[in-house]
Structures are given as structure tokens and as C-alpha cells.
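Observations on chain architecture
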Amino acid sequence: MRALILFIALISPAAFPQQPPSSIDLPPGTHELLLEARGEGVQVYTCADGKWTLKAPDAKLLDPQGTVIGTHFAGPTWKLTDGSEVKGKAIASQPSPEADSVTWLLLQTVPDSGSGQFADVTYIRRTETHGGAAPKETCTTGESRQPYTATYSFYGK
């Protein structure tokens, strides 16, 4: 009987540490998904001191039907075809489940940067990335454009 009790104690939930919540989870509070778009394009890297460093994304934003609804570029900035625009600042990241893919991100909007449809956006999350990671080899000069796709989710309160 003692062996059974010891065995049960050893396999209790405390014996298996729980995974911490994802680092890109939205902060506590009510957040409404305002827009979700697929990003398709490239991550542009430049060579600096023998290493590839991110210069900027260069991507189209697509709706579920595949229609271009905007662009994603340096800043980082997202701009819709109607002129709506928002800038973000990365506040958290986690590795993509795919080794050669850019990280998943949580970004907070830069104050007073949202306009039009993006006026109420407070957070942007980049998930489901495929590709886009910096080249692994060292460099001497130049630029590298790494194809990628991602899901961009725009949240507001």
C-alpha cells in the first residue's frame, strides 16, 4: 500500500512541471480580434560584421480569399490599401516550431500610430511563420531576401 501511495505521489501533476504560458500571449484583459491577414513576402537581411541582420520585412497582406489588402514593411509598419496604417514595437517573441522560420512575435502598437481601420489596434501578433530566417552562413557584403509567410492578427479593446 505504501508503495502505491508513493507511486501516486511521484506521478502527481507536481511531478510534471506545467508549461508556462506562451510568451506571445496577449496581456490579461479583453482583446477583440479586429483583423487577421496572411503575410507573404520576404525578410530582407543585410550583411554587417560577417552576420546577416534584419533590415526590414517586405510583404503583402492577404485576406482569406487571397486578395491583397495591404503591405507590411519597415517600422515595422502595416498599411492597408484604404490608407489605414499602424506601427508596432516587439514586446515578446518565441521560436517558431519550424527551425528555419522567423520567430513568432507579440507587438504593441506605437502610441498614436494607428489610423483608419487600424486606429483601435493595440496589439499585433505574428504566428504560423514559414521561412524567413536569416541565412546561417557568414557573409562579407550584400543583401539576402528570405521568402516567408505568416499570420498577422490585429487586436483591439
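To keep things clear, this report deals only with the structure shown in the data block. The shown structure was predicted, so the numbers you read here are calculated from the model rather than taken from an experiment. (Residues numbered from 1 in each chain as written. Predicted model: local features only at pLDDT ≥ 70, side-chain atom pairs only at ≥ 80, totals over all residues. Heavy atoms only, no water.)

A word on the overall build of the protein chain
Rules: Note on conventions: DSSP H or I runs of at least 4 residues are helices, E runs of at least 2 residues are strands, and numbering of each starts at the N terminus. Residue contacts follow a heavy-atom distance rule, with two residues in contact if any of their heavy atoms lie within 4.5 Å.
Helix and strand counts for the protein chain stand at one helix and eight strands. When the helices and strands of the protein chain are listed from N to C terminus, the series reads α-β-β-β-β-β-β-β-β. Excluding contacts between residues fewer than 6 apart, the proportion of contacts in the protein chain whose partners are at least 24 apart in sequence is 57%.

Looking at the state of the cysteines
Two cysteines, two sulfur atoms, one covalent bond between them: this is a disulfide. To keep things clear, this is the line we draw: The criterion for a disulfide is a pair of cysteine sulfur atoms lying within 2.5 Å. Exposure is judged per residue with a 1.4 Å probe applied to protein chains only, and the accessible area is read against the type maximum: over 50% gives exposed, under 20% gives buried, and values in between give partly exposed.
One pass over the structure, following the stated rule, counts one disulfide. Here C47 is linked by a disulfide to C139, with a sulfur-sulfur distance of 2.2 Å. Linking C47 and C139, the disulfide has an S-S dihedral of approximately 95° and is accordingly described as right-handed. One end of the pair, C47, is in strand β1 (residues 32-48); the other, C139, is in the loop between β7 (121-131) and β8 (143-156), with 92 residues separating them in the sequence. By relative accessible area, which is 10% here, C139 ends up buried.

Some words on the pattern of salt bridges
Any two side chains of opposite charge can pair if their charged atoms end up close together. Here is the rule we go by: Definition used for salt bridges: Asp or Glu carboxyl oxygen within 4 Å of a side-chain nitrogen of Lys or Arg.
The final tally for this structure, using the stated rule, is six salt bridges. Notably, a salt bridge pairs D100 with K136, separated by 2.6 Å at the nearest N-O pair. One end of the pair, D100, is in the loop between β5 (85-94) and β6 (104-109); the other, K136, is in the loop between β7 and β8, and 36 residues separate them in sequence. Among the charged side chains, a salt-bridge network with shared partners connects K55, D58, E143 and R145.

Examining the packing of aromatic side chains
As a reminder, the rule being used: Stacked, tilted and edge-to-face are the three classes applied to pairs of Phe, Tyr and Trp rings, where Trp contributes its six-membered ring and a pair requires centres within 6.5 Å; stacked means planes under 30 degrees apart, edge-to-face means over 60, and tilted covers the rest.
Inspection of every chain in the model, using the stated rule, returns three aromatic pairs. Their ring planes at 65° and their centres at 5.8 Å tell us that W78 and Y152 sit as a pair that is edge-to-face. One end of the pair, W78, is in strand β4 (residues 77-80); the other, Y152, is in strand β8, and 74 residues separate them in sequence. A residue is classified by how much of its surface remains accessible, and W78, at 1% relative accessible area, is buried. Of the residues examined, Y152 reaches a relative accessible area of 1% and is grouped as buried. Seen in terms of ring centroids, W78 and F154 are 6.0 Å apart; in terms of plane orientation they differ by 85°. Their pairing is edge-to-face.

Re the nonpolar core
This is how the line gets drawn: To qualify as a nonpolar core, a set must consist of buried Ala, Val, Leu, Ile, Met, Phe, Trp, Tyr and Cys residues joined through side-chain atoms within 4.5 Å.
L61, W78, F118, I124, Y152 and F154 are the most contacted members of the largest nonpolar core, which totals 21 residues. If you list the elements that add at least two residues to this core, you get β1, β2 (51-62), β4, β6, β7 and β8. For this core, the element with the most residues is β8, which contributes four residues. For F154, the residues in contact, after removing those within four places along its chain, are E32, L33, L34, L35, W78, V86, F118, V121, Y123 and I124. With six residues, the next largest nonpolar core counts I24, A92, W104 and Y123 among its residues.

A closer look at the pairing of β5
Basically, it comes down to this: If DSSP finds at least two bridges between two strands, the strands pair.
With three bridges connecting them, β4 and β5 associate as antiparallel partners. Bridge pairing in β5 places K79 opposite E85. In sequence, β4 turns back onto β5 through a hairpin of four residues, with G83 there showing a positive phi of about 100°. Across six bridges, β5 lies against β6 in antiparallel orientation. Of the residues in β6, the one forming a bridge with K89 is Q108.

Some remarks on the pairing of β2
On any regular strand, side chains alternate: one points to one face of the sheet, the next to the other face. Pairing between β1 and β2: eleven bridges, direction antiparallel. Looking across to β2, one finds that G41 is bridged to A59. Between β1 and β2, which follow one another and run antiparallel, lie two residues, and D49 among them has a positive phi close to 55°. What sits between the antiparallel neighbours β2 and strand β3 (residues 68-73) is a turn of five residues, in which G66 has the positive phi angle 90°.

Interpretation note: all reported values are geometric properties and have no functional meaning in isolation.
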